[in-house]
Amino acid sequence: MSAYNTLPSWLRRALLDDSNRLVFSSREPDETEERVSEAFKPHRLTTAGALDARMHSVSLGQVSFNRLSYGAEVQIDPERLEQFYLIQMPLSGRAEILLDKDCVSSTSTVASILNPTAALSMRWSADCDQLMLRIEREALELACSLHLGHPLRTPLCFNGALQWLDDPNWNNLIVYLARLLKESPDAPSQPLIAGQLEQLIISTLLSVQPHNYFDELHQSDRCLAPRHVKKVEEYIEAHADEPLTPAQLAEYAGVSVRTLHSGFHDFRHQGPMEYLRTVRLQKVKAALEEPGESRSVTEIALSWGFSHMGRFSQEYRKAFGERPSETKRKFADN
């Protein structure tokens, strides 16, 4: 038996001790469906038996840490999640997850990872009580593309089953999060701490759970980049909507422009300005995929620094295999 496949008793009470994190408690099906829809997305909830539902939640930047139980057997049909990934970790009970044509039986040792592009249907047992991490799609896919050094040509898709108690990296992450929230409940309100926790969760998931970019992401040179390269990558991600020059980036990193270029070409196989363009293209794509986005393609492209529409369209199509107008039309029809 693995040393990691059991949970300490205090972790089983994660998020329950703080009444400030209680989102709702209800025995009414309509209210329960409405409140869970507000936290995640609209869905159809079918119940078998009397509900005794409750949900707790805490925000960590682009990630939220949640706990949800229904107290009755339920069928949950949200279609596709679209804008976020969801990791569900049962503390008790089980959930049968249908993702497109794949089925995941989620138990107290097997977590489910729900990809935003997959058609989704779930059935929870009456005693199912789950810890859940919601990760915004834009944040996770951007982090992956930045680590890779190029835009994602296809959506990031994880294997649906995660042995969450057997993997020491993931197990210790959840234990750390729960302990921090228990012993330092004000930590999530500190922007620097929340941002660090957000990136820790995202990086751990990308590192431990197989996905369609897993092998490429684990090439050794991705991990060996010098600090000034990583520092500039982080700065670019945070300031991609601002006018940036190689000289400014080099000054921020405390190196010469030549050293900056050498570092990026040696470890990222592209220059820093190409890297900036990658980030901006990813940001444009995320905006075009946003339901209800009223701005035109041109307005969105201009907001991320693309002033030559012909060149922008060519770069976008090369990166993602379709014209930006096709992306916008596809998601406008959803």
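Residues numbered from 1 in each chain as written. Predicted model: local features only at pLDDT ≥ 70, side-chain atom pairs only at ≥ 80, totals over all residues. Heavy atoms only, no water.

Please set out the overall build of the protein residue by residue, giving values where relevant.
Of regular secondary structure, the protein possesses 12 helices and 12 strands. Relative to the globule expectation of 20 Å for 334 residues, the C-alpha radius of gyration of the protein, 21 Å, shows essentially globular dimensions. Over its C-alpha atoms, taken along the principal directions, the protein stretches across nearly 65 × 45 × 35 Å. Split into buried and exposed, the 334 residues of the protein put 49% on the buried side. Within the protein, counting contacts between residues at least 6 apart in sequence, those at least 24 apart form 71% of the total. With the model as given, the accessible surface of the protein reaches about 15,800 Å², and the carbon-plus-sulfur share is 49%. (Helix = DSSP H or I, 4+ residues; strand = E, 2+ residues; numbered from the N terminus. Rg over C-alpha atoms; globule rule 2.2 N^0.38 Å. Buried < 20%, exposed > 50% of the residue type's maximum accessible area, 1.4 Å probe, protein only. Contact = heavy atoms within 4.5 Å. Areas by Shrake-Rupley, 256 points an atom, 1.4 Å probe, with all protein chains shown as cover.)

Which residues make up the packing of aromatic side chains, and what are the values?
Given two aromatic rings, one states the distance between the centres and the angle between the planes to describe the pair. By the definition in use, this model includes 8 aromatic pairs. Arranged with centres 5.7 Å apart and planes meeting at 90 degrees, the rings of Tyr85 and Phe158 form a pair that is edge-to-face. You can see Tyr85 sitting in strand 6 (residues 84-92) and its partner Phe158 sitting in the loop between helix 2 (137-148) and strand 12 (161-162), a full 73 residues away along the chain. For the pair shown, Tyr85 and Phe158 are each scored as buried. (Phe/Tyr/Trp six-rings, centres within 6.5 Å; stacked < 30°, edge-to-face > 60°.)

So what's going on with the side chain of Ser69? Residues and values would help.
Secondary-structure assignment places Ser69 in strand 4 (residues 63-69). For Ser69, a relative accessible area of 11% translates into the label buried. When neighbours within four sequence positions are excluded, Ser69 is seen to be in contact with Asp52, Ala53, Arg54, Cys128 and Asp129.

An account of the pattern of salt bridges is needed here, citing residue identities and associated values.
Within this structure, the stated rule accounts for 14 salt bridges. In this structure, the salt-bridge partner of Arg323 is Glu326, at a minimum N-O distance of 3.3 Å. Using a relative accessible area of 35% as the deciding quantity, one classes Arg323 as partly exposed. (Salt bridge = Lys/Arg side-chain N within 4 Å of Asp/Glu carboxyl O.)

Can you break down helix 4 (residues 191-208) residue by residue, with the values?
Under the 1.5 Å per step criterion, the end-to-end length of helix 4 is 26 Å for 18 residues, consistent within 8% with the ideal 26 Å. Within helix 4 the residues assigned to the buried category are Ala194, Leu197, Glu198, Ile201, Ile202, Thr204, Leu205, Leu206 and Val208. (Expected span 1.5 Å × (residues − 1).)

Before we move on, can you summarise the UniProt feature "domain: HTH araC/xylS-type" (unreviewed entry) in the protein with the specific residues and values?
Residues annotated by UniProt as "domain: HTH araC/xylS-type" (unreviewed entry) correspond here to residues 230-330. Counted over residues 230-330, helix gives 70% and strand 0%. Its end C-alpha atoms are 34 Å apart. (UniProt positions renumbered as here; feature names shortened; annotations may be inferred.)

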